[in-house]
Amino acid sequence: MHELLPILRHVFPAASACDTLSSVTQANAEGFRVQFEAEDDVTVNDVFIKKVDASTYASKSWPDFRRTLMYLRTEVLFYKVLLPDLKERGFCATPDILLADFDLNGLIDEDEKATDQSRPEPENWTAEGKGGHIIMEAIDNPYYQDSPIALDQAKETLSAVAGLHAAAWEDKELLIKADKWLSRGSYHLKTRNVKELAGMEQSWEHFRSNFGESDPALFDRCSDIGKRIKNLAEYISDEVSPGPTDRYATLSHGDFKAMNCFLPRESTDRGVILVDFASTGVGLGMSDVAMHIHHAIKAEDLANGGEEVLLNHYLDQLNTQLGPDKAYPKDVALRHYRLACADYFRFLLGRFWKSASPETFEKRKDSKNTVLMNRNLESALAFLDRVEKHVTEIEKERAACLA
């Protein structure tokens, strides 16, 4: 029997056989495009199954294993608890979800929050038989995924995520529910391994030693950026982490890279389809925008006004969808964007640049799921230049607050 057939039968009890058409293995889940046969008439025989077998990831350190489990729980609960509310508010840019379920008993408590890093590791836990799965519509032609993407494509993806943000914007009832059941972004400080922040200076010195000769003046200006971003990390995280009843709070996708967007090859009423809501939670819309622009867009396209074009497009789309009674003022939004860029840099430095080298950049240069700044030197240097300027402004802001 095909290993996925028992999962399929939760939705299609008459499924008698299935074939895996394609598969993808990522750091925290496996995905399978599956075609199946059924002994009764079904309207669908081609689905995508996302599967997390907890025992596959149990060799990770507890903080990293726990984060994998929280990704699963967050995505399942997003589809089961939040998505129905969002659809009522006009957001439908997801695949059709046929089943979403998990069993993490003995590993994660029901009331446990993803950001609660103080939770001790359970005693005598076992991952056997634990995990979960999601069965969803298989997205096919005329849709495609790509990374990097051009400015016009980025406008489409930013319009889609603006729809998510608008649907949840300052909706206290919905956001309180999200705060209880979901997570924070994939690069949020409170969901990351504490070793990343502790090693900021060492990560920076490693990156500088490998790439410093590529732009000596820039690396001179950024000589202590590791220490500076470490000192600002808590302040920045607080500023980009609204509570569910705060102004400008919304649902942030949390892992808004280009490969989590299905783009239509031709005009369609459905538009861009967003996937992978494993890091979704209460946050700022600009946290998604800052990640997306730098993860997915080439440095040459962001130069000479490209970045500003995308920011203005997002704000136009969002404010149009918010209507006359709500707004995201540009000065507030741009401050949030600077903070979010610096926040994303903290993640990039602590998670990826600590082991980056010309050899790893070359190895990953065609990896569409890898952030551009960890596989393309031009993008890395442009981001570093931009972020150092943001950090300088944030340092002045913080100093003024403390004065």
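Residues numbered from 1 in each chain as written. Predicted model: local features only at pLDDT ≥ 70, side-chain atom pairs only at ≥ 80, totals over all residues. Heavy atoms only, no water.

Chemist: I'm lost on the overall build of the protein chain in this one. Help?
Modeler: The secondary structure content of the protein chain amounts to 14 helices and 10 strands. The C-alpha radius of gyration of the protein chain comes to 21 Å, within 12% of the 22 Å expected for a compact globule of 403 residues. Summarising its shape, the C-alpha atoms of the protein chain cover approximately 70 × 55 × 40 Å along the three principal directions. In the protein chain, which comprises 403 residues, the proportion classed as buried is 53%. In the protein chain, the share of contacts with a sequence separation of at least 24, taken over all contacts with a separation of at least 6, comes to 76%. When the accessible area of the protein chain is evaluated, it comes to approximately 17900 Å², of which 46% is carbon and sulfur surface. (Helix = DSSP H or I, 4+ residues; strand = E, 2+ residues; numbered from the N terminus. Rg over C-alpha atoms; globule rule 2.2 N^0.38 Å. Buried < 20%, exposed > 50% of the residue type's maximum accessible area, 1.4 Å probe, protein only. Contact = heavy atoms within 4.5 Å. Areas by Shrake-Rupley, 256 points an atom, 1.4 Å probe, with all protein chains shown as cover.)

Chemist: Just to check I follow, could you spell out the sheet that holds strand S3 (residues 46-53) for this structure?
Modeler: Strand pairing in a sheet takes place through backbone hydrogen bonds and is either antiparallel or parallel in direction. Spatially, 5 strands are ordered S1-S2-S3-S5-S4 in an open sheet, and the strand pairing comes out antiparallel. The sheet terminates laterally at strand S1 (15-25) and strand S4 (97-103), the two strands that pair on one side only. Strand-to-strand twist across the sheet, computed as the mean angle between neighbouring axes with direction ignored, equals 20 degrees. (Pairing = 2+ DSSP bridges. Axes fitted to C-alpha atoms, helices over the stretch in contact; angles between N-to-C directions.)

Chemist: Would you explain empty space enclosed by the protein in this entry?
Modeler: Enumeration according to the criterion identifies 2 cavities of 30 Å³ or more in this entry. One number sums up the size of the largest cavity: a volume of about 120 Å³. As for the largest cavity, its lining consists of 13 residues, of which Gly 185, Tyr 187, His 188, Ser 252 and Ser 287 are closest to the centre. Among the residues making up the lining of the largest cavity, the classes are represented as 4 nonpolar, 6 polar and 3 charged. Here the second largest cavity defines a volume of roughly 50 Å³. What lines the second largest cavity is His 294, Ile 297, Ala 299, Leu 302, Leu 372, Met 373, Ser 379, Ala 382, Phe 383 and Arg 386. Put simply, the parts of the chain that give the lining of the second largest cavity at least two residues each are helix H10 (299-302) and helix H14 (377-402). Ranked by the residues each element gives to the lining of the second largest cavity, the list is headed by H14, at 4 residues. (1 Å grid on protein atoms, 1.4 Å probe; cavity = no way out; pocket = protein on both sides within 12 Å on 5 of 7 lines; lining within 4 Å. Points joined across faces, edges and corners; volume = space filled by probe spheres on them. Nonpolar A, V, L, I, M, F, W, Y, C, P; charged D, E, K, R; others polar.)

Chemist: What's the story with the pattern of salt bridges in this structure? I'm lost.
Modeler: Within this structure, the stated rule accounts for 31 salt bridges. Asp 116 is the partner of Arg 119 in a salt bridge, and the nearest nitrogen-oxygen pair spans 3.1 Å. The shortest N-O distance in the salt bridge between Asp 343 and Arg 346 comes to 2.8 Å. Taken together, the residues Asp 343 and Arg 346, both in helix H12 (residues 330-351) and 3 residues apart, mark about one turn of the helix. Counted as one network, the salt bridges with shared partners bring together Arg 221, Arg 228, Asp 385, Glu 388, Lys 389 and Glu 395. (Salt bridge = Lys/Arg side-chain N within 4 Å of Asp/Glu carboxyl O.)

Chemist: Teacher, can you tell me more about the sheet that holds strand S8 (residues 261-264) here?
Modeler: Spatial ordering of the open sheet is given by S6-S8-S9, a layout of 3 strands whose pairing is antiparallel. Across the chains shown, the open sheet's two edge strands, defined by having one partner strand only, are strand S6 (143-144) and strand S9 (273-274). Pairing of S8 with S9, which is carried by 2 bridges, proceeds in the antiparallel orientation. Following the sheet pairing, Phe 262 is matched in S9 by Ile 273.

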